[in-house]
Structure formats: C-alpha cells, structure tokens
Amino acid sequence: MILLQAENLQAGYEDRPVIHEITLSLEAGEFLAVCGPNGSGKSTLIKALQKLTPFLQGRVLVKDRDLFRLNHRQLASLMASVPQVFQPVFDYSVEEIVAMARYYRQSNPFAGISAEDREAIEEALKLTGTWPLRHKKLNQLSGGERQRVLIARALAQETPLLLLDEPSSHLDLNFQLQIYSLLKYLQKEKNKAILVAEHNLNLAAAYCTKMIFLKEGKIVAGGQTEKLLEKNLIQEVFQVEVDLRINRSTGLPEISLVHSASRENAPSGLQEKPSGSSEEKISTGKSFKE
Amino acid sequence: MNVRCRHLFFIAVLICLTLAGFFLSLKTGPVKTPSGEIFSLIFHGRSDFSDIILNLRLTRALLAYLTGASLALSGAILQGYFRNPMADPFVLGASSGASLGAVLSLELGLSASLPGLSAQGLMALASSLLLVSLVYMISRRRRFETQESLLLTGIAAGALASALTSFLLFRRADAYEQAVFWLLGSFALADWSQVKLLLLALLPAAAVALFLAREMNLLSLGDETARSLGCPVNSVRKIFLFLATMLAAFSVSVAGIIGFVGLIVPHAVRLISGADHRRLFLSSALAGGFFLLISDLIARTALSPSELPVGVVTAAFGAPFFIYLLNRSRRS
C-alpha cells in the first residue's frame, strides 16, 4: 500500500523555494533515506511533507488523502516525526513528553489518559528501551536516550508513517547503530513506512531499502539501495572523492573518503570542502580498521 | 512522592493557608475586632463590626486575592507562550500602557468612570489594551511572525510608553504624588464593584486557560512539534495572548502596577507542581492569590497606621523566598 506520494513538490519560502520538482513515493514496510550534502534540502523536504514550510506547492497524497485538505489533527494520525533539534525549556518528564503524542486522539481536555493511551505509551517506551527512564526529566538524559525518547513519542502516535530528520546526528557509533536497528525493526516487524534524512551514507546504505539523493534542492537519483549506490553518483552529489566497496564480512556497501593531497594543501580548502565532509570521515571510521 | 501527589498536597495546603489568610485579613486592622465577631458574622450573619469586616476588609482581601490570581495566571500563560521563564504579564507593555493612560487621565483631568473603574483605571485599561494590540499588529506585519519579534516589539513599545509617562510626570510636579501612589499599586480603595469587575475577567479567562492547557503543553515544546502532534497552533496562540492581555490589563487598572507576582509565582509553582500546564495554571492562580493576599496584609499592618506600597512587599518577601527555592531545586 502506498502511504506517501509526492509529485512535483516545491517548498521553502515564497520567493526562494528550497526544494524543487520532488517526486517520491513510499509504501508500508519501506525504509527510505534522503541523502545529500548540508543545505541540499533534506530537512525542508521532511518539513514540507508535514505542511510546516511557509511555502508549499505540488501534489502530496498521504494514504490517498490530499495533504492540503488535512488539518494538523488528521495529519498527526497519519504521520509522526522526530525533529533534528528538540530542547524544551520546561522540565517535562519522559512520560509526559511521550504522553503528548496521544493529544490528537483525546477530545475531552479533562478526561485524562485512557487505558488505550496508557497501553500505547507503555509499548512505545518499552520498544525504545526508555521505560526505565520514564520518570526522569528530559534534560537529565544523554543524547542517545533523548533520541530514543523522541522516537518513543513518534511511536505512541501510532501512525503508519514515520519521518525522522537526521536521527543519528550528535550520536556516537554505538547509539547510531542502536537507533537504526530500532528503525529497522519497526520497518520489518511493524510494517511502518519510514523516511529519514541522513547524511551518513554508510548507515543509510546498511539499513534503508530505498535512497534518494538531493543536490541543491533537486533529486539527482533515487531507487533501490543496492542498485543505486555508485561511486560516481556519490562523487557528483558530495563533490568529494570516495571509494566504494563491499565489506567482506558484512556484505554491505561501504563508502570511504579518498585522501587527496591537493585538497589538504590548498589554502582555500575550507571553502571547497562541503561542510558535511568532517562528519563523513567519522562515519567511515570502520573502514580504516581493515 | 510523585509530581501528581505533590501537586494535590500543594493545592490542599494552599487552600487551608488561604482560608487562614482571609481570616487574619478580616480580623486585622486599626479597629480591634475579636475573632468571635467574625465567627458570629459567618455563622449568624450579624456582627457589630459587619460594616468594617465586609465592606472594608473583605473587599480589600478579595481584591488582593483576585489580582494575585489574575497576575500569576497571566504570567503562567505568557511564560508558556514565549517558552521563556523570564516572561511576565507586563512583558508586552500592558503595565507601561496602563501607567501612561493613568497619568494622561490626570493630565487631562478626566472624570468619566464606570462601575469598578475610576477615571484613571478606565484610561489605564483602555491604553493598556491599545498598546498591546499595537504591539501585536506591528510585529505581525513583519514577514516572519515569531514570538521573538513580538517580545522585542513589546519591550520597545513599553520603553516608549514609559518615556512618555516620565515626561508627563516631569511637566506636572503637582500630579506626581497622586500618580506615584497609583503606579506603585494599592488595594486601599477597594470596593465591591472592583471585585466584581475583576471576577468577570478572571473566571472566564481561567476556564478557557484550563480548557486549553493541553494545547499549551504542546506549544511549549515548540511550534513545529506542536503542529506535528496535531495542535492548531495559530488559533491557540491568539486565544492565549488575548487571555493573558485581558488578565494583565484588568488587574493593572483596578490595582495599579504590582510587579513580581506574575513572574515569580508561576516559576516557583513549576518547581512544585511540575511543568504540565494542566496543573500549573490552577496552582499558579491559587498561589498568586494567596501570595498577594498575605502581601497586602503585611503592607497595611507592618508600619501601621501608614501603609506600604504592596509592590514593595511582594518583592521584599518574594525575592528571598524565590532564591531559596531556586537553590533548593538546583541541589536536588
């Protein structure tokens, strides 16, 4: 079943659209990564699909319903999102944060939490391993724990679609794998349709079934991960020299940066280097072990 | 003890303390009133002192209580609205607008009045509402409407109104004393019509705020998060801004400018009742009422027979207590 379909989507600001001519579709049980350098429009795309950008044009169907005709309450029943930055000013507990996901289902403001709500909240907390943290305040948690709490909130919304904006940013390798294993489980066992914006190509290639590459707000390439990943494509999108091979022990494609001496010597190197490159180096750490 | 229990316990304690506070307020004053007289008034409906107790002390205590509740609720709303614990009821210029109006009415020698509002109060209410509306319209006209632009415009407009007030006061030295008395805030002139007027603003506002408390929880997480969780952000924001402004403007126009309550009470209450606005709105209103009731009692008895401005008392007693609370919560 196709859950999300976008045709010729343009979004951003009225006089300055950030993404253009975006066409994509996502089915239940699919895991799509939107990749591209910083500023290529990944976050804007995720916001646009939730009607959060000041300007939005094109055709988007969410579970066969026109995005423009859905109000925020209806939309909240169809897709849940994990934002890139989340820093509440006030000290809510983990449980309170996750319970807010149930808002769109509660019509009576004084009724409190129903048995059904309680069950969904408990399941979300347990799936993400945040059940033991439920009475803690959000600002007492580590980055990885916070990320899992936000995923728990998205799960408690009980939507067929999940959107995540850079779920691995600010996390170390161990947490990155934890988060992606969890997402993989949700895709496979819960049949969720998942869309992530991700700049870490190795993570995306290892876990996602489909990929889209964005450059300057346009889709450069898209398709099944194993057919799509190609050295030239990555070099074109990120403007860096890379090496792509299959890791013998995991069987997964692996991308590593190729050091070029000219780049390091150039005094204007900083301007030439895409700003995502330092993160790319960290993420390719695995391949240096070989 | 979990937050919910702590909250309920806090509410219960507040209600007891408030009743005790009212009893003390009815008993205390320049005319000695035995406790028996108050009980006989409550249980038998008559007392030799009924006029003093009902029309002087009760009106004054009630007005102080309602003003405190209104200011604290307004502060709680605006702190959530701006996601900023430093926000208070006067941050959008409600107080500066009111002072300008009050001083203008002295300057112009206006005498029109309504039940519950003197000429100064009426002008204060009008110019307070006018100034906040202006701030809202100016900041909306900017391309990207943000809470930040609203906040900054409010601060700037408040400064402008204060400058005009100072200028008017500077030119009219004879009106100075009267104006300063009003500006510092006092309940000395409380009467029943003022109580009714404030009740008319507070009750509906509190009901709507409690009804929309879940939406405020979502708003306080950020607009985008609130939207993606299903909250109709724009309309909820408008309603809350309206509520907070009405509460601030009405309290200022009946009681003058009493600072500190709207900033400190919601902040302190949050340390006890937690961040959830369903609890916070209720306990802020109750705690704000109690706080100002006691402050006014102190203001009129500490240097009896002369009176302290109640704003002096709220700051003098509230600030140390608040610093103590902050330090305690940081340690735990």
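Residues numbered from 1 in each chain as written. Chains lettered and ligands numbered in written order. Predicted model: local features only at pLDDT ≥ 70, side-chain atom pairs only at ≥ 80, totals over all residues. Heavy atoms only, no water.

Draft legend 1. Looking closely at the overall build of chain A. When helices and strands are tallied, chain A shows 13 helices and twelve strands. Among the 290 residues that make up chain A, the fraction classed as buried is 52%. A total accessible area of about 13,700 Å² is found for chain A, and carbon and sulfur atoms account for 47% of it. (Helix = DSSP H or I, 4+ residues; strand = E, 2+ residues; numbered from the N terminus. Buried < 20%, exposed > 50% of the residue type's maximum accessible area, 1.4 Å probe, protein only. Areas by Shrake-Rupley, 256 points an atom, 1.4 Å probe, with all protein chains shown as cover.)

Draft legend 2. Representation of the interface of chain A and chain B in the model. The interface of chain A with chain B comprises 30 residues on the first partner and 28 residues on the second. In this assembly, chain A packs against chain B so that about 2,400 Å² is buried in total across both faces, 62% of it on carbon and sulfur atoms. When residues of chain A are sorted by the area they lose upon contact with chain B, F90, Y103 and P109 of chain A head the list and together hold 29% of the total. Linking chain A with chain B are two salt bridges, by the criterion used here. Between E96 of chain A and R279 of chain B there is a salt bridge, with the nearest N and O atoms lying 2.9 Å from each other. Counting residues per element, the ones that place at least two in the side of chain A that touches chain B are α2 (72-78), β6 (79-82) and α3 (94-99) of chain A. Per-element tally for the side of chain A that touches chain B: the top contributor is α2 of chain A, with three residues. Residues belonging to the side of chain A that touches chain B are distributed by class as follows: 17 nonpolar, seven polar and six charged. (Contact = heavy atoms within 4.5 Å. Buried area = accessible area lost by both parts, 1.4 Å probe. Salt bridge = Lys/Arg side-chain N within 4 Å of Asp/Glu carboxyl O. Nonpolar A, V, L, I, M, F, W, Y, C, P; charged D, E, K, R; others polar.)

Draft legend 3. Structural detail: helix α11 (residues 233-255) of chain B. Residues and elements named next belong to chain B. With 23 residues, α11 extends 33 Å between its outermost C-alpha atoms, agreeing within 8% with the 33 Å of an ideal straight helix rising 1.5 Å per residue. Judged by how many residues are buried, α11 sits mostly within the fold: 17 of 23 residues are covered. Positive phi shows up at G256, right after α11, with a value of about 80 degrees. (Expected span 1.5 Å × (residues − 1).)

Draft legend 4. Quick peek at the nonpolar core. Among the nonpolar cores identified, the biggest contains 155 residues, and F213 of chain A together with I77 and F240 of chain B are the most heavily contacted of them. Non-local contacts of I77 of chain B, meaning those with residues more than four positions away in its chain, are made with A209, M216, F240, L243, A244, L247 and F281 of chain B. If you look at the next biggest cluster of nonpolar residues, it comprises 30 residues, including A6, L26, V34 and A48 of chain A. (Core = buried A, V, L, I, M, F, W, Y, C linked by side-chain atoms within 4.5 Å.)

Draft legend 5. Seen up close, the packing of helix α3 (residues 50-81) of chain B against helix α8 (residues 192-211) of chain B. All names here are of chain B. It is the contact of α3 with α8, at a shortest axis distance of 9 Å, that shows an interaxial angle of 30 degrees. Classified by the interaxial angle, the pair formed by α3 and α8 is roughly parallel. The chirality of how α3 crosses α8 is left-handed. In this structure, α3 contributes L54, N55, L58, T59, L62, L63, L66, T67, A69, S70, L73 and I77 to the contact, and α8 contributes W192, Q194, V195, L198, L199, L202, A206 and A209. Residues of the contact of α3 with α8, tallied by class, amount to 15 nonpolar, five polar and no charged. (Axes fitted to C-alpha atoms, helices over the stretch in contact; angles between N-to-C directions. Parallel < 35°, antiparallel > 145°, perpendicular 65-115°, else oblique. Left-handed = near helix turned anticlockwise from the far one by under 90°.)

Draft legend 6. Examining helix α6 (residues 147-171) of chain B more closely. Helix length check: α6 of chain B, at 25 residues, gives a terminal C-alpha distance of 36 Å against a target of 36 Å (1.5 Å per residue), a fit within 8%. Residues of α6 of chain B that are buried include every one of Q147, S149, L150, L151, T153, G154, A157, G158, A161, T165, L168 and L169 of chain B, and no others.

Draft legend 7. A look at the side chain of T314 of chain B. Residue and element names in this part refer to chain B. Within the element layout of this structure, T314 appears in helix α14 (residues 310-331). Looking at T314, its side chain comes within polar contact range of the main-chain oxygen of G259, at 3.4 Å. One polar contact links the side chain of T314 to the main-chain carbonyl oxygen of G311, over a distance of 2.8 Å. Apart from residues no more than four positions distant in its own chain, T314 is found in contact with I258, G259, F260, V261, F291, L292, S295 and A319. (Polar contact = N/O pair within 3.5 Å; in protein donor to acceptor, adjacent residues only side chain to side chain.)

Draft legend 8. Structural context of the pattern of salt bridges. Residue and element names in this part refer to chain A. Counted under the stated rule, the structure contains 17 salt bridges over all chains. Two residues, E122 and K126, come together in a salt bridge whose shortest N-O distance is 2.6 Å. In this pair, E122 and K126 are both assigned in helix α4 (residues 115-127), four residues apart and thus about one turn of the helix distant. For K126, a relative accessible area of 45% translates into the label partly exposed. Here D243 ties to R245 by a salt bridge, and the two come within 3.5 Å at their closest N and O atoms. Residue D243 is classed as partly exposed on the basis of its relative accessible area of 24%. Linked by salt bridges that have partners in common, R102, R105, E116, D117 and E158 make up one network.

Draft legend 9. The arrangement of the pairing of strand β1 (residues 2-13) of chain A in detail. Residue and element names in this part refer to chain A. Here eight bridges tie β1 to strand β2 (residues 16-27), and the two strands are oriented antiparallel to one another. What sits directly across from L4, in β2, is L26. Here β1 folds back onto β2, and the loop between the two strands holds two residues. Bridge count for β1 against strand β4 (residues 55-62) is seven bridges, and the pairing is antiparallel. Considered in β4, the bridge of A11 is made with L56. (Pairing = 2+ DSSP bridges.)

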